[in-house]
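For reference, the chains in residue letters:
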Amino acid sequence: ACTGIENIDEAITLLEQNNWDLVAAINGVIPQENGILQSEYGGETLHGPAYGPTSHSTAASSTPSSSSAFRHVVPSRQIVERQPRMLDFRVEYRDRNVDVVLEDSSTVGDIKHILENELQIPASKMLLKGWKTGDVDDSTVLKSLHLPKNNSLYVLTPDLPPPSSSHSGALQESLNQNFMLIVTHREVQREYNLNFSGSSTIQEVKRNVYDLTSIPVRHQLWEGWPPSATDDSMTLAVSGLSFPCHRLTVGRRSSPVQTREQSEEQCTDVHMVSDSDGDDFEDATEFGVDDGEMFGVASSALRKSPMMPENAENEGDALLQFTAEFSSRYGDCHPVYFIGSLEAAFQEAFYGKARDRKLLAIYLHHDESVLTNVFCSQMLCAESIVSYLSQNFITWAWDMTKEANRARFLTMCTRHFGSVVAQTIRTQKTDQFPLFLIIMGKRSSNEVLNVIQGNTTVDELMMRLMAAMEIFSAQQQEDIKDEDEREARENVKREQDEAYRISLEADRAKREAQEREMAEQFRLEQIRKEQEEEREAIRLSLEQSLPPEPKEESTESVSKLRIRTPSGEFFERRFLASSKLQVVFDFVASKGYPWEEYKLLGTFPKRDVTQLDPNKSLLEVKLYPQETLFLEAKE
């Protein structure tokens, strides 16, 4: 209201810089030359400087009046120190904008330190650009730059890699992924395998764990959450969990509420030792804790909820409630029920590698059967049975109490096991429940090995489980053998395919090398032919341009030259003594020995005729009346 500042971050920054002295913070931003704000703290007047670490001493030692705010007063004659000038900076970095407010006595390095906290970038990696003046460094005082109140800067980080352009796509993909949370209940040393989508929140996980462990959310003590998971409203996709599987541990906090016996012995009222006030008890149901549990009374003694909701849309949610209700009735020592659809249980039990496959045990519960409580509490929750099931079985459960749930399971049973098994279960009477179905997966179908009714003993139940396990083990060994043989065949085939591929690559490389060599030979042959044709054309042209050979009886002076070739052959010709030496060169070239490639040597005296002036006559170069010359290839 006093300053017109609506940005809460800017307001908090100013208050922190003034050690949370409200008067000093307001004096620091109100535009005034010698203005003074007065707070009605017993009539005292606060004079500047109002901004800085020493400006709050008077206000801090006064007691504020309930009827006063702040008001402007007429400037007094007292000399007031100059108010520090505030500078606003809008700093842009990639797709983010950060607002920074500092007094002009700060340095450029102070801006970088603030940006380091906001952008999570080391100050040493930043290049702060956009200054209107020349180059600045971290020690430059802002006041020396003569900046306006509002400034725009930008940050460059050339030493840091650019952010991935697919970040938003990766986040969306993470939201659509399923996370497997392996939650260990510390007190009973049990593990729960829970599937959650990336869009689920941490709060939802904790509430579901309450259904499994009966530990209220506010009493849960967790280990294993990533350091970034600081808010229960955060989704799993952005919480930093390991994908696809992450381990967590949960336990119960030490409760400050004592038991009734301890309270009587120590004559202490429950409310005296609780760490919560009355509001906590009123809101206890919001955290999944009812009054009975708050005072040490099990909730199952006060109410009996259905094991499974009727017409549940999601089988996984129905199994979560079933597990939680089963724990509340019969304790935490019970089989680990698979949370998910029946199809997912099949996938988990039957469709992995042969060594990892297990039997599937389907427990069918019925609340109206007189055998249910005894079967669950004395047989299904026996430690030996629980241990054997957890090691060798995937256990899935369903509640047959409600007619809608019963019909739904019979439909699933018909689809997966056939009408015979479905009819067998349909004809079971209520007092024959609960039922325990042992299912073994085969190559083409799923076989029901055994249907165990509720009127049995622990020993008989264990014997029938072990008998089913013997049948399954024999089948599993055959499957492992077949799988190993199949993998061996596939490995051999892969090796053969790889060897064949390498052979093809070698043949292709060899063929390509041959083709390149042939092409190179053809090219060289073409060049050679062209050169020969060119030389032949030059030779014919020189031959045709030679003057006719003079006759022996010519009246003119004639020079007779005898020329020996490098191969030992001789050829002779008569030339006019007045002919130029170039005519001799042309004659030799017309015979295939161009003077650019061969030297013409004389004998007495030994000399290189090709070094003489070709425009001189034979007489002048002393090749008259006759001479024997030798052709020699130039180096």
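- The protein chain has the name FAF1 factor in an unreviewed UniProt entry, where Indicator maculatus is given as its organism.

### What about the overall build of the protein chain?
Okay, so step 1: For the protein chain, the helix and strand inventory stands at 18 helices and 19 strands.
Okay, so step 2: Sorting the 635 residues of the protein chain into buried and exposed places 39% on the buried side.
Okay, so step 3: The contacts in the protein chain between residues at least 6 apart in sequence include a share of 64% that link residues at least 24 apart.
Okay, so step 4: Here the protein chain has roughly 37,100 Å² of accessible surface; of this, 49% comes from carbon and sulfur atoms.

### Structural notes on the environment of Glu 597
Okay, so step 1: Considering the arrangement of structural elements, one finds Glu 597 in the loop between helix 18 (581-590) and strand 17 (598-602).
Okay, so step 2: Considered as a pair, Glu 597 and Glu 632 are 35 residues apart in the sequence and their alpha carbons are 8.7 Å apart.
Okay, so step 3: Those residues in contact with Glu 597, other than ones at most four positions away along the chain, are Arg 535, Glu 632, Ala 633 and Lys 634.

### Description of a nonpolar patch on the surface
Okay, so step 1: Residues Ile 8, Ile 12 and Trp 20 make up a contiguous nonpolar surface patch of about 330 Å² in total accessible area.
Okay, so step 2: Tracing the backbone shows Ile 12 in helix 1 (residues 8-17).
Okay, so step 3: For Ile 12, a relative accessible area of 33% puts it in the partly exposed group.

### Some points on the side chain of His 185
Okay, so step 1: Counting through the fold element by element, His 185 comes out in strand 7 (residues 178-185).
Okay, so step 2: Look at His 185 and you get buried, because its relative accessible area is 3%.
Okay, so step 3: Leave out the neighbours within four places in its chain, and His 185 touches Arg 190, Tyr 192, Thr 213, Ile 215, Val 250 and Asp 332.

### Description of the confidence of the model for the protein chain
Okay, so step 1: Overall, the prediction assigns the protein chain a mean pLDDT of 79, with 81% of residues at 70 or greater.
Okay, so step 2: In the model, residues 32-81 has pLDDT below 50 throughout and makes 77 contacts with residues more than four positions away in sequence or in other chains.
Okay, so step 3: Note on residues 255-303: pLDDT is under 50 here. Beyond four places in sequence and across chains, it has 48 contacts.

### Points about the sheet that holds strand 11 (residues 359-365)
Okay, so step 1: Taken in spatial order, the 4 strands line up as 12-11-13-14 in an open sheet, and their pairing is mixed. If you trace the sheet from one side to the other, it starts and ends with strand 12 (393-399) and strand 14 (446-452), each paired once. Across this sheet, the average inter-strand angle for adjacent strands is 25°, counted without regard to direction.
Okay, so step 2: As paired elements, strand 11 and strand 12 share 7 bridges and run parallel to each other.

### Looking at the packing of aromatic side chains
Okay, so step 1: A complete count under the given rule lists 21 aromatic pairs for this structure.
Okay, so step 2: The interplanar angle of 70° and the centroid separation of 6.2 Å between the aromatic rings of Phe 89 and Trp 131 together place this pair among those described as edge-to-face. Of this pair, Phe 89 sits in strand 3 (residues 86-93) while Trp 131 is found in the loop between strand 5 (127-129) and strand 6 (150-156), placing the two residues 42 residues apart along the sequence. In this structure, Phe 89 and Trp 131 share a single accessibility class: buried.
Okay, so step 3: Judged by centre distance (6.2 Å) and plane angle (50°), the rings of Tyr 388 and Phe 393 are tilted.

### A closer look at the packing of helix 14 (residues 383-392) against helix 17 (residues 458-545)
Okay, so step 1: Contact pair helix 14 / helix 17: the axes reach a minimum separation of 10 Å and the direction vectors enclose 15°. Here helix 14 lies roughly parallel to helix 17, going by the angle between them. Viewed along their axes, helix 14 and helix 17 form a crossing whose handedness is left-handed. Residues Ser 384, Ile 385, Tyr 388, Leu 389 and Asn 392 of helix 14 lie in contact with helix 17, whose contacting residues are Val 458, Leu 461, Met 462, Leu 465, Met 466 and Met 469.
Okay, so step 2: Broken down by class, the residue content of the contact of helix 14 with helix 17 amounts to 9 nonpolar, 2 polar and no charged.

### Brief notes about the pairing of strand 16 (residues 570-576)
Okay, so step 1: Burial of the side chains of strand 16 is restricted to one face: Phe 571, Arg 573 and Phe 575 are buried, whereas none of Phe 570, Glu 572, Arg 574 and Leu 576 on the reverse face is.
Okay, so step 2: In this structure, strand 15 (residues 558-564) lies alongside strand 16, joined through 7 bridges in antiparallel fashion. In the strand pairing of strand 16, Val 558 is matched with Leu 576.

### Concerning the pairing of strand 17
Two faces make up the sheet, and in a regular strand the side chains alternate between them.
Okay, so step 1: Across the 5 residues that make up strand 17, a large majority, 4, are buried.
Okay, so step 2: Examined bridge by bridge, strand 17 and strand 19 (residues 626-633) share 5 bridges and lie antiparallel to one another. Note on strand 19: the bridge partner recorded for Leu 601 is Phe 630.
Okay, so step 3: Pairing analysis gives 2 bridges linking strand 17 to strand 18 (residues 607-608), with the strands arranged antiparallel. Within the sheet, the bridge partner assigned to Leu 601 lies in strand 18 and is Asp 608.
Okay, so step 4: Linking two consecutive strands that pair antiparallel, namely strand 17 and strand 18, is a turn of 4 residues.

### A short note on helix 11 (residues 315-330)
One full turn of an α-helix is made of 3.6 residues, so residues set three or four places apart face in the same direction.
Okay, so step 1: With 16 residues, helix 11 extends 22 Å from end C-alpha to end C-alpha; this agrees with the ideal 22 Å at 1.5 Å per step.
Okay, so step 2: Most of helix 11 sits out of view: 13 of its 16 residues are buried.
Okay, so step 3: Its side-chain oxygen placed 2.7 Å from the backbone nitrogen of Gly 316, Asn 314 serves as the N-cap of helix 11.
Okay, so step 4: Trailing helix 11 by a residue or two, Gly 331 shows a phi angle of about 95°, which is positive.

### Section: the nonpolar core
Okay, so step 1: Counting 78 residues, the largest nonpolar core has Leu 360 and Trp 396 as the members making the most contacts within it.
Okay, so step 2: Counting contributing residues, this core receives three or more from each of domain 2 (174-252) and domain 3 (316-481).

### Observations concerning the sheet that holds strand 6
Okay, so step 1: Taken together, 4 strands build an open sheet; the order of strands is 4-3-6-5 and the sheet is mixed. Two strands bound the open sheet, and with one partner strand each, they are strand 4 (96-103) and strand 5. The sheet shows a mean angle of 30° between the axes of neighbouring strands, taken without regard to direction.
Okay, so step 2: Pairing of strand 3 with strand 4 involves 8 bridges; the strand directions are antiparallel.

### Topic: the pattern of salt bridges
Okay, so step 1: If you walk through the whole model with that rule in mind, you get 27 salt bridges.
Okay, so step 2: Two residues, Arg 523 and Glu 520, come together in a salt bridge whose shortest N-O distance is 2.6 Å. On the criterion of helical spacing, the pair formed by Arg 523 and Glu 520 is a turn pair, its members being 3 residues apart in helix 17.
Okay, so step 3: For Arg 523, a relative accessible area of 41% gives the class partly exposed.
Okay, so step 4: In this structure Glu 520 comes out as partly exposed when scored by relative accessible area, which is 35%.

Thresholds, definitions, all that
Residues numbered from 1 in each chain as written. Predicted model: local features only at pLDDT ≥ 70, side-chain atom pairs only at ≥ 80, totals over all residues. Heavy atoms only, no water. Helix = DSSP H or I, 4+ residues; strand = E, 2+ residues; numbered from the N terminus. Buried < 20%, exposed > 50% of the residue type's maximum accessible area, 1.4 Å probe, protein only. Contact = heavy atoms within 4.5 Å. Areas by Shrake-Rupley, 256 points an atom, 1.4 Å probe, with all protein chains shown as cover. Patch = residues over 30% accessible without salt bridge, like charges linked within 9 Å, V, L, I, M, F, W, Y side chains within 5 Å. Salt bridge = Lys/Arg side-chain N within 4 Å of Asp/Glu carboxyl O. pLDDT = per-residue confidence, 0-100. Pairing = 2+ DSSP bridges. Axes fitted to C-alpha atoms, helices over the stretch in contact; angles between N-to-C directions. Phe/Tyr/Trp six-rings, centres within 6.5 Å; stacked < 30°, edge-to-face > 60°. Parallel < 35°, antiparallel > 145°, perpendicular 65-115°, else oblique. Left-handed = near helix turned anticlockwise from the far one by under 90°. Nonpolar A, V, L, I, M, F, W, Y, C, P; charged D, E, K, R; others polar. Expected span 1.5 Å × (residues − 1). Polar contact = N/O pair within 3.5 Å; in protein donor to acceptor, adjacent residues only side chain to side chain. Core = buried A, V, L, I, M, F, W, Y, C linked by side-chain atoms within 4.5 Å. Domains from an automatic or database assignment.

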